[in-house]
Structure formats: C-alpha cells, structure tokens
Amino acid sequence: MKKILQAALVAMMLVPTGTLAQVKEFEKCGSAKRITCVVDGDTIWFEGEKIRMMGYDTPEPISNICGGQREVDLATAASDRLLQLLNENQFTIVRDGKDKYGRTLAVVRVSGMDIGDILIAEGLARSWPDGAEFWCE
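Please read all numbers here as calculations on a predicted model, not as lab measurements. (Residues numbered from 1 in each chain as written. Predicted model: local features only at pLDDT ≥ 70, side-chain atom pairs only at ≥ 80, totals over all residues. Heavy atoms only, no water.)

## A few points about the packing of aromatic side chains
To keep things clear, this is the line we draw: Any Phe, Tyr or Trp ring, taking Trp's six-membered ring, that has another such ring centre within 6.5 Å forms a pair; planes under 30 degrees apart are called stacked, those over 60 apart edge-to-face, and the others tilted. For helices the rule is a DSSP run of H or I covering at least 4 residues; for strands it is a run of E covering at least 2, with both sets numbered from the N terminus onward. Only protein chains enter the accessibility calculation, which uses a 1.4 Å probe; a residue whose area is less than 20% of its type maximum is buried, one above 50% is exposed, and one in between is partly exposed.
One pass over the full model with this rule turns up 4 aromatic pairs. Ring centres 6.1 Å apart and planes at 20° place the aromatic pair F26 and F46 in the stacked group. Placement of F26 in the loop between α1 (2–14) and β1 (27–28) and of F46 in strand β3 (residues 43–46) is noted, with a sequence separation of 20 residues between them. Each member of the pair, F26 together with F46, is buried.

And the structure:
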C-alpha cells in the first residue's frame, strides 16, 4: 500500500502545474470583482487570475476597433461560445509565463482540444499572430 501511495505521489509531481482537469462554473465578467468569469473570447479570469489564451485572437466586444457592429456581434458570439465550452466540459490550463500587461499566458483545452483551435474552426477567432482580422474586412 505504501508503495502505491508513493507511486501516486511521484506521478502527481510529474504533472506540470495547471494541467489537472478542472470543473468550474463561469459567468460573463461584469463590473463586480472578477474571480472566475469570461472577459471576451480570448481572456478569462480563473480563481482570481487573469488569463490571456495563446495562439488565437477574437474581436473586441466593446471597442469595435475596425469592424463596427459586425465586430461587436462576432465578439459576443466568441465570448458566448467560450463560456459554453468552459461550462460544459472539464478543461485544463497550461500556463506559459506572463504578457506585457501582467496577464498569465496559457493554453486552455477541453476534451484535449485547444479552445483556440475550436473557435478558429467555428469562424469565431483568428490564428494569432499571423491570422487576418477578418472581422475588419
């Protein structure tokens, strides 16, 4: 029994921080303190940590930088889909440092798939940094 417990402890120590499957109820971020919520299609707060997901970009829901109402609508759809993916699946977070704004950079996966890849395939996001901001066209 002791050897089994030791083996389990060693196995847990070999798993990189943040890769254990998580289940948490997300909501859309509002004006209240942000703990666990979706900011937009590529940024979340998770247990008080602001996380910017890597490898993809979604339109901005408030600023509509270049695409007007089309950009705002697509941003809302991307945020809604991200919320759905996080709330309906177990997910993993693999952290990879911080960006210049102090946000944690990470890859978030559901069912082993990168959330960014899902949103890109569904036409809700672009590959970053080399994908065209199609919502500006």
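## Observations regarding the pairing of strand β7 (residues 104–110)
Worth spelling out the cut-off: The rule for pairing is simple: two strands pair if DSSP sees at least two bridges between them.
Among the 7 residues in β7, 5 count as buried, and that is most of the element. As defined by bridge partners, strand β4 (residues 49–53) adjoins β7 across 3 bridges and the pair is classed as parallel. Bridge pairing in β7 links I51 to T104. Pairing analysis gives 6 bridges linking strand β6 (residues 91–98) to β7, with the strands arranged antiparallel. Across the sheet, T92 pairs through a bridge with R109, a residue of β7. Between the antiparallel neighbours β6 and β7 lie 5 residues, among them G102 with a positive phi of about 85°. The turn joining β7 and strand β8 (residues 113–114), which pair antiparallel and follow one another in sequence, is formed by 2 residues; a positive phi near 50° is taken by S111.

## Focus on the confidence of the model for the protein
Threshold: A score between 0 and 100, pLDDT records how confident the predictor is in each residue. The contact criterion used throughout is that any non-hydrogen atoms of two residues lie within 4.5 Å.
Of the residues in the protein, 84% have a pLDDT of 70 or more, and the chain-wide mean is 85. In the model, residues 1–18 has pLDDT below 50 throughout and makes 6 contacts with residues more than four positions away in sequence or in other chains.

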